[in-house]
Structure formats: structure tokens, C-alpha cells
Amino acid sequence: MKKLVVYLFSIFFFLSSSLQAYSSNPRDFVNDLVSDVIAKLSDKNLNKEQKEIFIEEVALEYVDINALGLYTLGELRKSSSKDDISGYQKSFEKYFLKSLTSRLSEYSSSKFEILNEDKKSATYTIVSSKVIPDDGGPDIKIDWRIYTKDPDKPLIRDLIVEGLSLARTQKEEFASILSSNDNDIKALIIKLEEFVQN
Amino acid sequence: MHYLKNFKILVPVLFMVFLLGPKLYSAEECFEKTSRAVFKFNMALDDVILEPLAKGYNKLPSPVRKGTNNFTSNIGTLLSIPNNILQGNFKQLGHSVGSFAINSTVGLLGVLNPAEKIGLNPHKEDVGQTLGTYGVSTGCYFVLPVLGPTTVRDSVGIFADTFIDPFAHITIREKELLSTSGNNLDYFSVKATGAIDFRAENDKNFESLEKNSIDLYSSIKSIYLQDRENKIRNSIEDQDDWGSLDN
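Here's a quick rundown of the structure. (Residues numbered from 1 in each chain as written. Chains lettered and ligands numbered in written order. Predicted model: local features only at pLDDT ≥ 70, side-chain atom pairs only at ≥ 80, totals over all residues. Heavy atoms only, no water.)

Here the focus is the sheet that holds strand 5 (residues 164-165) of chain A. Residues and elements named next belong to chain A. Taken in spatial order, the five strands of this open sheet run 1-2-3-4-5, and their pairing is antiparallel. A strand with exactly one partner marks an edge of an open sheet, and here the two such strands are strand 1 (110-119) and strand 5. Sheet topology note: the strand 4 (residues 155-161)/strand 5 ladder contains two bridges and is antiparallel. For V161, the partnering residue across the bridge sits in strand 5 and is L164. (Pairing = 2+ DSSP bridges. Helix = DSSP H or I, 4+ residues; strand = E, 2+ residues; numbered from the N terminus.)

What follows is about the state of the cysteines. All names here are of chain B. Per the counting criterion, the structure on display carries one disulfide over all chains. Sulfur-sulfur distance for the disulfide between C30 and C140 comes to 1.9 Å. The sign of the S-S torsion, about 90°, decides the handedness of the disulfide formed by C30 and C140: right-handed. Taken as a pair, C30 in the loop between helix 1 (2-20) and helix 2 (32-57) and C140 in the loop between helix 6 (127-133) and strand 1 (141-144) lie far apart in primary sequence, 110 residues in all. (Disulfide = S-S within 2.5 Å.)

Further remarks concern helix 6 (residues 82-104) of chain A. For helix 6 of chain A, with 23 residues, the first-to-last C-alpha span of 32 Å sits near the 33 Å given by 1.5 Å per residue. By the burial criterion, the buried members of helix 6 of chain A are D84, I85, Y88, Q89, S91, F92, Y95, F96, L97, S99, T101 and S102 of chain A. Of the surrounding secondary structure, the elements contacted by the buried residues of helix 6 of chain A are helix 3 (48-62), helix 4 (65-73), helix 5 (76-79), helix 7 (166-179) and helix 8 (185-197) of chain A together with helix 10 (203-212) of chain B. (Expected span 1.5 Å × (residues − 1). Buried < 20%, exposed > 50% of the residue type's maximum accessible area, 1.4 Å probe, protein only. Contact = heavy atoms within 4.5 Å.)

Next up on the list: the packing of helix 4 of chain A against helix 6 of chain A. Between two packed helices, both the angle of their axes relative to each other and the distance between the axes serve to describe the pair. Residues and elements named next belong to chain A. Relative to each other, helix 4 and helix 6 sit at 110°, their axes nearing to 9 Å. Here helix 4 lies roughly perpendicular to helix 6, going by the angle between them. Every residue of helix 6 that contacts helix 4 at I65, N66, L68, G69, L70, T72 and L73 is listed here: I85, Y88, Q89, F92, E93, F96 and L97. Broken down by class, the residue content of the contact of helix 4 with helix 6 amounts to nine nonpolar, four polar and one charged. (Axes fitted to C-alpha atoms, helices over the stretch in contact; angles between N-to-C directions. Parallel < 35°, antiparallel > 145°, perpendicular 65-115°, else oblique. Nonpolar A, V, L, I, M, F, W, Y, C, P; charged D, E, K, R; others polar.)

Here we take up the environment of K153 of chain A. All names here are of chain A. Within the secondary structure, K153 is located in the loop between strand 3 (140-147) and strand 4. For the pair K153 and F92, spaced 61 residues apart in the sequence, the C-alpha separation amounts to 22 Å. The residues contacting K153, other than those within four sequence positions of it, are E61, Y62 and Y147. For K153, the side chain forms a polar contact with the main-chain oxygen of E61, separated by 3.0 Å. (Polar contact = N/O pair within 3.5 Å; in protein donor to acceptor, adjacent residues only side chain to side chain.)

Pasting the structure below:
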């Protein structure tokens, strides 16, 4: 029982202290956020579950999952009903979080460096960075698409890894599923739910 | 005379690409059902042959893997040289020629990469990319057995590569160039080693992609097409298509 109390207390303490406010400047925002994530994922005192909770919290707070969901839906977002879009958004969020935690849980230690930022418009900035793997592998260039409509709260919309946009890849994957199911959004929702449950 | 014969084969092929290219679009499939079946076959082949080889390769000491990567990349630079000329990219031509000359000599036949240390970074160029820079569109997408994803333009490029690649010239065509010659085995050994090296380097990425894709075939298609676009533009800058969502 004592162990359980300590465990629950440590989870509460972890959750309450895990998310900190990051800078509103896109360059500093990415730098602070990624440094924090790297530190947490490298922390040997945290178990897998704690790391996954942290990743989910960060994603819900700092990734524009709603816009990402609409983008990946493509043109269908304009012709689908509000109920369908709402159902899709719920499934997409669960899918996105599961997929993200799965990718990041295999994280191996790396160094991270911001290269530059390019303000494309009033609403978005591309922050360029590179990851230097500790295992001696080649540097990986990552561009961050940051949405800045609310200048006080920048949000991540896409990661472009070595020129490959994760959002675009996802969009084209969904387009293929929709195309083979007569553009039925419900078929896509079923596929997303199946992924979450597996 | 030999080049003239090759040229006669290449002209109608290139003409066909120019004629067909602009009418076809990158997202279009040539014959999706067949491509998906071939993709399935390729994945099975990967499970049985390439993946175990890649995992074994990854257990080799890092300097051995690095040396192998340098060696195959250095030979690959030979294909970039004629393509740099065809693209009129003389800056890159300097990088390719300089890199190959330095790495093949000072770099112990390409095992080391001293050229990189003096700022020579040749981009890999092939005929598919050259056609892309000429404005030939991709044509439809399909999957080749063993070789994997391609498009009409890139498959013509793969074929044309063997005519202008000096390494292919001295190996599969068994011609002598600067007193050097080889055979089919040399050519396919280098290509196979390059494929294993690539697969090994991306082993974790493949695993993650397989695990997190709802439709792996489409994910690989998207990645392939994006990568080819970037290589043709010689840039990895994102192509903005967020439209109204960015307002």
C-alpha cells in the first residue's frame, strides 16, 4: 500500500511538473521544447509509461493536432458533415498520439542544434534544426513548421525530416485509403480506430 | 562507335518519355493492383533476405560500415559526373570530379572520404533526375520487383543510367576505361552492397514506418515521390500546400 501511495504521488508530481511554459519566439520555442523532450526521454529514472504520458501531454499542448487532422483529410474536409469531421478528429487524435509515442519510445540519445529560422508569413515560420545521433550516424536535418497565428502560443504543425514532410506522407496515405473506399470518411475512421486498438 | 549505338537506343526512349511525360501525373498509378502485389513480394523478399543481411551488417564495427558506405558512394559519384554535364550544373560537376579524384587516390580507393573534409559534397544525380530538370514529369507510379518504387520517368532513367555510367561501362559492358575494366559481378556486387548499406542505415526507420503505417504501400510511395522531387530541385525545402489552413 505504501508503495502504491508513493507511486501515485510520484505520478502526480511528475505530471504537475512535466510541462513548462516555453518561449513564444519560434526558434527558442523549438529549442526549449526539444531540449526538454530529449532530457525527459533520456532520463533513466522515468519508466516507459511516464515517458509516454509526458509525450502525450506535450503533443496535446504544443502540436496543432486539430489542423494536422484537417490537413491530412485533404479536400474531403470541405465536403464532409460536421459530425463526420468531429468523429474523424477524435479518432485522428488518438491515432496521432499512439503513433507519436510509438515512434519516440524508441528514441536513442542525440544532440540537437537549431540552425536558423525563416519567417514565411505572419502565421507560420520554418525553424531548421539538426539532430546529431550519439551512435555516430549521419546528422539528420529536421525543419519544424510552426504556426504563429497566436504569437504568444506557437504550435507545431509539421516536421520535415530530410525534406520528407510527415504531414504530407500522412495525407497521401489517408488519400489512398479514402480513394479505395469511395471517399468514405467513415472507412478512414474505422482504419484509425483499428490502429489504436491493435 | 559503341557510344553511337547506345545513342541510337537512347533517342527513341527519351523521345517517348518527353511525349508521355507531361500527360501523366505523379500521384497516378500505372496499375495499382499489380504494384501492390509486387510490393508485397518485395516486402517478403526484404523479410527473408535484405533485413537479416542489414541487421548482420549493422553488427559490423562502425569504421567498416563507414568505409563500405564511402566506397559505394564514391563509385556512385561516377554516374553523377555525366549527369552534372547534362544538367549544365558545373559547380556540382566540380564537386563530383574533385571528390572522386581525391577519394579514389588519397582516400584509398574511396574507403575514406577526405574530399568531404575540404568541402566537396557531390549530390547523387541520375538520368531520372536529369530528365526531371528538363521538365519531364514523373509519369505514373509503379513498383518494380526487387528494385522497388519507381515512375515511368525514373524507370527509363534506370535503364539509361547503364549507358552513361562509366562504372557500368567498364563492368556490365566489359569495356576498358583508363586501363580499368571489370565484369557483371563487380557491378552487381557494388549495387547489392549499396542496397544493404542503405537498408542497414535505415533499419530503425523502416521498422517504425512498418509499425505506424495504416497503408505502408502509400507511405512508401509518398516518401519515394517526395524524395525524388527534392533530389531534382537539389533542395529539401518544404513545398507549401497548407493553403487556407495557414490563415
